[in-house]
Amino acid sequence: MENKGMLQEWLDFAEMDFLTAKHLYDNMYPKPLEIICYHCQQSIEKLLKGVLLSYGVTIKKTHDLGLLAEMLQEYVEIDSRYMEMCDDLTPYGVKIRYPQELCIEEYHVKKALAETEELYNWLRGLLKTEEDVASVEEKPLES
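What comes next is a walk through the structure. Quick caveat: nothing in here was measured; it's all calculated off a predicted structure.

Overview of a negative patch on the surface
Turning to step 1, where the next piece is worked out: On the surface, Asp64, Glu70, Glu77, Asp79, Glu84 and Asp87 cluster together into a negatively charged patch.
Turning to step 2, where the next piece is worked out: Taking relative accessible area as the criterion, Asp87 reaches 48% and is therefore assigned partly exposed.

Next up, the structure:
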C-alpha cells in the first residue's frame, strides 16, 4: 500500500495526542481542562482519518468527527453511541481554542478521556487489512 507510511503517521499522531491528554490529566496542576479535551478530539480525528485512509478514502480537511464517521459508515456499520461520542468530542477541536467559547468542567474531561479511549480501541479494530497495519504495533490504549 503506497499510503502505508502516511497511515502510520496518522496512527502515531493519534496515539501521541491521546497519551498527551492522559499525561496532562494525570500530572499537571491545575489541570489544563480545555487542552486535555482538545487533544482527545485531535486523537480521534487523526485516527478516523487513518482508518478512512486504510479504506482508500480521500481525507477531507475537517475537524468534524461526525462528518468523518459518516464517511466511514459507507464502509462499516457504526453504532449510534459511537456517533454520539464523535459529536460529543467535536466541539473540543475548534471552539476550545478561543476564550469563552466553551465552559469545561472536570467531569467533561473525564468523559472526553473515557470516550476517546473507547473510540480509539474500536477504530483500531476497523483498520482495513493486516497488510495496512503490519508495521503498527497492536496495543490498545488504557487509562
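Back to the text.
Side note on the environment of Leu53
Turning to step 1, where the next piece is worked out: Of note, Leu53 is situated in helix H2 (residues 33–54).
Turning to step 2, where the next piece is worked out: On the basis of relative accessible area, Leu53 is assigned to the buried category, the value being 5%.
Turning to step 3, where the next piece is worked out: Put simply, Leu53 and Lys128 are 75 residues apart on the chain and 9.1 Å apart in space, counted from C-alpha to C-alpha.

Overview of the pattern of salt bridges
Two side chains carrying opposite charge are able to pair once their charged atoms lie near each other.
Turning to step 1, where the next piece is worked out: One pass over the full model with this rule turns up five salt bridges.
Turning to step 2, where the next piece is worked out: The partner of Arg81 in a salt bridge is Glu118, and the shortest N-O contact between them spans 2.1 Å. Here Glu118 lies in helix H6 (residues 106–124) and Arg81 lies in helix H4 (residues 80–89), a separation of 37 residues in the sequence.
Turning to step 3, where the next piece is worked out: With relative accessibility at 30%, the residue Glu118 sits in the partly exposed group.
Turning to step 4, where the next piece is worked out: When the shortest N-O distance is used, the salt bridge between Glu115 and Lys111 registers 4.0 Å. In this pair, Glu115 and Lys111 both sit in helix H6, four residues apart, roughly one turn of the helix.
Turning to step 5, where the next piece is worked out: Exposure remark for Glu115: the relative accessible area of 10% places this residue in the buried category.
Turning to step 6, where the next piece is worked out: Connected through shared salt-bridge partners, Asp88, Lys111 and Glu115 make up one network.

Observations concerning H2
Turning to step 1, where the next piece is worked out: The terminal C-alpha atoms of H2, which comprises 22 residues, lie 32 Å apart, in line with the 32 Å expected from a rise of 1.5 Å per residue.
Turning to step 2, where the next piece is worked out: Where burial is concerned, most of H2 is hidden: 19 out of the 22 residues are buried.
Turning to step 3, where the next piece is worked out: Count one or two residues on from H2 and you reach Gly56, which has phi positive near 80°.

Comments concerning the packing of helix H1 (residues 4–27) against H6
Turning to step 1, where the next piece is worked out: Relative to each other, H1 and H6 sit at 150°, their axes nearing to 11 Å. As far as their axial angle goes, H6 and H1 are roughly antiparallel. Pair H1 / H6 crosses with left-handed handedness. Two secondary-structure elements touch here, H1 through Leu11, Ala14, Glu15, Phe18, Ala21, Lys22 and Tyr25 and H6 through Glu106, Val109, Lys110, Leu113, Thr116, Glu117, Tyr120 and Arg124.
Turning to step 2, where the next piece is worked out: Its residues assigned to classes, the contact of H1 with H6 shows eight nonpolar, one polar and six charged.

What counts and what doesn't
- Residues numbered from 1 in each chain as written.
- Predicted model: local features only at pLDDT ≥ 70, side-chain atom pairs only at ≥ 80, totals over all residues.
- Heavy atoms only, no water.
- Patch = residues over 30% accessible without salt bridge, like charges linked within 9 Å, V, L, I, M, F, W, Y side chains within 5 Å.
- Areas by Shrake-Rupley, 256 points an atom, 1.4 Å probe, with all protein chains shown as cover.
- Salt bridge = Lys/Arg side-chain N within 4 Å of Asp/Glu carboxyl O.
- Lys, Arg positive; Asp, Glu negative; His and termini not counted.
- Charge placed at Lys NZ, Arg CZ, Asp CG, Glu CD.
- Buried < 20%, exposed > 50% of the residue type's maximum accessible area, 1.4 Å probe, protein only.
- Helix = DSSP H or I, 4+ residues; strand = E, 2+ residues; numbered from the N terminus.
- Expected span 1.5 Å × (residues − 1).
- Axes fitted to C-alpha atoms, helices over the stretch in contact; angles between N-to-C directions.
- Parallel < 35°, antiparallel > 145°, perpendicular 65-115°, else oblique.
- Left-handed = near helix turned anticlockwise from the far one by under 90°.
- Contact = heavy atoms within 4.5 Å.
- Nonpolar A, V, L, I, M, F, W, Y, C, P; charged D, E, K, R; others polar.

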